[in-house]
Amino acid sequence: MTVERTAPRGKPRRAATKKTTTAAARRRPPRPEMVQLLTPEGERVEHPDYALETTPEQLRGLYRDMVLTRRFDAEATALQRQGELGLWPSLLGQEAAQIGSGRALRDDDYVFPTYREHGVAWCRGVDPTLLLGMFRGVNHGGWDPTTNNFHLYTIVIGSQALHATGYAMGVAKDGADVAVVAYFGDGASSQGDVAEAFTFAAVYNAPVVFFCQNNQWAISEPTERQTRVPLYQRAAGYGFPGVRVDGNDVLAVLAVTRAAAEHVRTGQGPMLVEAFTYRMGAHTTSDDPTRYRRKEELEVWEGKDPILRLRRCLERESAADEAFFADLERESDVMARRVREAIRTMPDPDGMAMFEHTYADGHALVDEERAQYAAYVASFADHEHGHEGV
Amino acid sequence: MTAEKMAMAKALNSSLRKALESDPKVLVMGEDVGKLGGVFRITDGLQKDFGEERVIDTPLAESGIIGTAIGLALRGYRPIAEIQFDGFVFPGYDQIVTQLAKMHARSLGKVKLPVVVRIPFGGGIGAVEHHSESPEALFAHVAGLKIVAPGNPSDAYWMLQQAIECDDPVIFFEPKARYWDKGEVDAAGIPGPLHAAKVVRPGTDLTLVAYGPTVKTALAAAVAAEEDGVSLEVIDLRSVSPIDFDTLQRSVEKTGRLVVAHEAPVFFGAGAEVAARITERCFYHLQAPVLRVGGFHAPYPPARLEEEYLPGLDRVLDSVDRALAY
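Residues numbered from 1 in each chain as written. Chains lettered and ligands numbered in written order. Predicted model: local features only at pLDDT ≥ 70, side-chain atom pairs only at ≥ 80, totals over all residues. Heavy atoms only, no water.

Concerning unusual backbone geometry
Residues and elements named next belong to chain B. Of note, the amide linkage connecting Ser241 to Pro242 takes the cis form, showing an omega dihedral of -5°. The topology assignment puts Pro242 in the loop between strand 12 (239–241) and helix 9 (245–255). Even without glycine at this site, Asp32 takes up a positive phi of about 70°. Structurally, Asp32 is set in the loop between strand 2 (26–30) and helix 2 (46–50). (Helix = DSSP H or I, 4+ residues; strand = E, 2+ residues; numbered from the N terminus.)

In structure tokens:
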């Protein structure tokens, strides 16, 4: 059995080992703390609660999703460095958590993301170039949330957990068998809104999966600044199940999220999934992780790289040949070019757009200010025209 | 059907009832709104008749109430969230300001947020702290929200219907000190536009603007002033965002003087906005500076001092005298 036990940060693993020898621990059957179906070496392992049948084609599909998502992310990071984006929150390292969970959902499920769910957006069918608009500064979210059931990115930490819960309460009222998924991070688990979302979801039995990507860092604050207990255990205090899954294991994330979605769809109330993963890059391009985390830590996690892990599995099981990897590399290049092209041809919004959509039913002050601004802008046009006439 | 005399609390209750009857997507939610009927009994009997699925008792969490109302609206419902008292809205303020107000614009108009947040506001009922505040300016400063406050039972009935029908989020401030005042409500009538101010008493010497609980005070001031031979035109603003400046302008062009009264602190309040805009629009008609009368720049005081803090009849008349003295 290669289930990975993770000691709390800062404590020697020896301490965790010692704990299991207490009388209480000996009475309990050993239970994997973290669901894993694929070891860092790419070896498949069984889990009693989360069986997963996969075809080679499915494995290749997941691999393709992760590779393209990482390439898109890398391209966006580069575009930020080149001054084309104002900011970029990289998902590097979290591809398995996002692709595994995203691919576990049905089209009619509804997703409420934070601002880093580029891989989930990919699974929902959102054109990746649409994700760039808000980071370039041309809009606050350039996609229609109802087209792909993928809500707008949410910047205020944890707010969307309540939106997801309310939406799920509506789903329950409608008698629909839809799963709603709220994505958030370990930092958000400290927010009152996430606690309130847990409360509301539990008491109304709302069909919402709380999907926490514990990437170990909330900007510079480590997880132990957010909690003294493993995050998935929080669910028990609210009266619903919580599970920790190896967030760098796309197969385990897929299996666990699929089960969680089914759990909520079948009227059994909410469920918390903690994907134990790692943010390998900076929080955003404005961040400098070298100030607060050790190089050795990153190296440890690089050994658990979600993409490398699945590649090893594909090779081990002969599920993909060289041509597949070469084709995928070419596809990545094409995608990267498309992203660059889309950014560089993305038009700035018209000034009048400021006044659009502030209200659905109109507002007298907005009408007045729009007219004033239009007249102001027009005054320059008149002026230029006047010069031409001279 | 003829008009019926009823208290504002009853008018609001009837209005909610009508909304629940006419649209199955309408929901009432909040702390104690079910069996208790709300701390002011505005939702009295609604859960009994419409069930727990439509009239929802919530956990004691204001951010949770507003945040889940947003989610319900995204699912196609029209939630009416009750906040028990003005000072309790602040745990939900983040959701209102950062989420509810902006989501329509952020989605480039793709999603609508038809959420009404009902807040009993204002003082004069001898309550403890956080139960008597007037935070409307804090909301009016935020684009994406609409802010209204009825001053009588008829407006309470109709404006709440209109707020529920509106596709924008509406913060609906109910003057709790006027809940028990009675007035005519004609449920068969045709209401005017939600955001139109109303001249509730015509006059010629000075325009006195008020909304919510101060409308009654303003009307009393007009009666008192008449005894002194002064004719006040009283305008019920009704809507704080947007503000119907056209109606105000017409009145000020006629009277040449303007006093704005509200319970909220004067500093950065709705009166400041009215004064600035009317000065801009009516500069050559004004015979006196626009004056404001309202709360002080101090925390809302303990109940035994609130009569000093609130703009009562005497302070309103004092402002009127000052404006007439120019």
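From this point, the discussion proceeds with the structure in view.
Some remarks on the interface of chain B and chain A
Taken together, the contacts link 46 residues of chain B with 40 residues of chain A. Taken together, chain B and chain A are joined by six salt bridges. With its nearest N and O atoms 2.7 Å apart, the salt bridge here joins Arg75(B) to Asp174(A). Counting the contacts that link chain B with chain A gives 22 residue pairs in polar contact (both at pLDDT 80 or more). Residue assignment for the side of chain B that touches chain A shows that the elements contributing at least two residues are strand 3 (55–57), helix 3 (62–74), helix 4 (93–100), helix 5 (103–106) and helix 10 (270–282) of chain B. Considering only residue class, the side of chain B that touches chain A consists of 18 nonpolar, 14 polar and 14 charged. (Contact = heavy atoms within 4.5 Å. Salt bridge = Lys/Arg side-chain N within 4 Å of Asp/Glu carboxyl O. Polar contact = N/O pair within 3.5 Å; in protein donor to acceptor, adjacent residues only side chain to side chain. Nonpolar A, V, L, I, M, F, W, Y, C, P; charged D, E, K, R; others polar.)

Examining the packing of helix 4 (residues 95–102) of chain A against helix 11 (residues 250–265) of chain A
All names here are of chain A. It is at 7 Å that the axes of helix 4 and helix 11 come closest, and there the two elements cross at 40°. The crossing of helix 4 and helix 11 is right-handed. Listed contacts from helix 11 to Ala96, Ala97, Ile99, Gly100 and Ser101 of helix 4 are Val250, Val253, Leu254 and Thr257. (Axes fitted to C-alpha atoms, helices over the stretch in contact; angles between N-to-C directions. Left-handed = near helix turned anticlockwise from the far one by under 90°.)

Some points on empty space enclosed by the protein
Residues and elements named next belong to chain A. Scanning the model with the defined rule gives three cavities of 30 Å³ or more in all. Lining the largest cavity, in full, are Phe184, Ser189, Phe198, Cys212, Leu231, Arg234 and Leu272. A volume near 40 Å³ is recorded for the second largest cavity. What lines the second largest cavity is Thr69, Phe72, His118, Trp122, Pro128, Leu131 and Met335. If you list the elements that add at least two residues to the lining of the second largest cavity, you get helix 3 (56–81) and helix 5 (118–124). Counted by class, the lining of the second largest cavity contains five nonpolar, two polar and no charged residues. (1 Å grid on protein atoms, 1.4 Å probe; cavity = no way out; pocket = protein on both sides within 12 Å on 5 of 7 lines; lining within 4 Å. Points joined across faces, edges and corners; volume = space filled by probe spheres on them.)

Focus: the environment of Val274(B)
All names here are of chain B. Among the secondary structure elements, Val274 is positioned in helix 10. Given the relative accessible area of 1%, Val274 is considered buried. Residues Val274 and Asp244 lie 30 residues apart in sequence; the distance between their C-alpha atoms is 9.7 Å. Once residues lying within four places of it in the same chain are set aside, the contact partners of Val274 are Ile243, Phe245, Leu248, Leu258 and Val260. (Buried < 20%, exposed > 50% of the residue type's maximum accessible area, 1.4 Å probe, protein only.)

Quick notes on helix 8 (residues 214–227) of chain B
Residues and elements named next belong to chain B. The end-to-end C-alpha separation of helix 8 is 20 Å, in line with the 20 Å expected for 14 residues at 1.5 Å each. Residues of helix 8 that are buried sit in contact with strand 9 (198–201), strand 10 (206–210), strand 11 (232–236), strand 13 (258–265) and helix 12 (313–324). Just downstream of helix 8, Gly229 is the residue with a positive phi angle, here 80°. (Expected span 1.5 Å × (residues − 1).)

Here's the deal with the packing of helix 8 (residues 159–174) of chain A against helix 3 of chain B
Here helix 8 of chain A crosses helix 3 of chain B at 55°, and the two axes come no closer than 6 Å. By the angle class used here, helix 8 of chain A and helix 3 of chain B are oblique. In the packing of helix 8 of chain A onto helix 3 of chain B, the handedness of the crossing is right-handed. Between helix 8 of chain A and helix 3 of chain B, the residues in contact are Leu162(A), His163(A), Thr165(A), Gly166(A), Tyr167(A), Met169(A), Gly170(A) and Lys173(A) and Ser63(B), Gly64(B), Gly67(B), Thr68(B), Ile70(B), Gly71(B), Leu72(B) and Leu74(B), respectively. Within the contact of helix 8 of chain A with helix 3 of chain B, the residues separate by chemical class into six nonpolar, nine polar and one charged. (Parallel < 35°, antiparallel > 145°, perpendicular 65-115°, else oblique.)

Quick word on the sheet that holds strand 10 of chain B
All names here are of chain B. Spatially, the five strands line up as an open sheet ordered 9-11-10-13-14, and their pairing is mixed. Of all strands in the sheet, those with a lone pairing partner are strand 9 and strand 14 (291–295), marking the two edges. Direction aside, the axes of adjacent strands within the sheet are offset by 30° on average. Against the sheet, helix 12 touches strand 10, strand 11, strand 13 and strand 14, its axis set at about 165° to strand 14. (Pairing = 2+ DSSP bridges.)

Read these as spatial facts, not as claims about activity.
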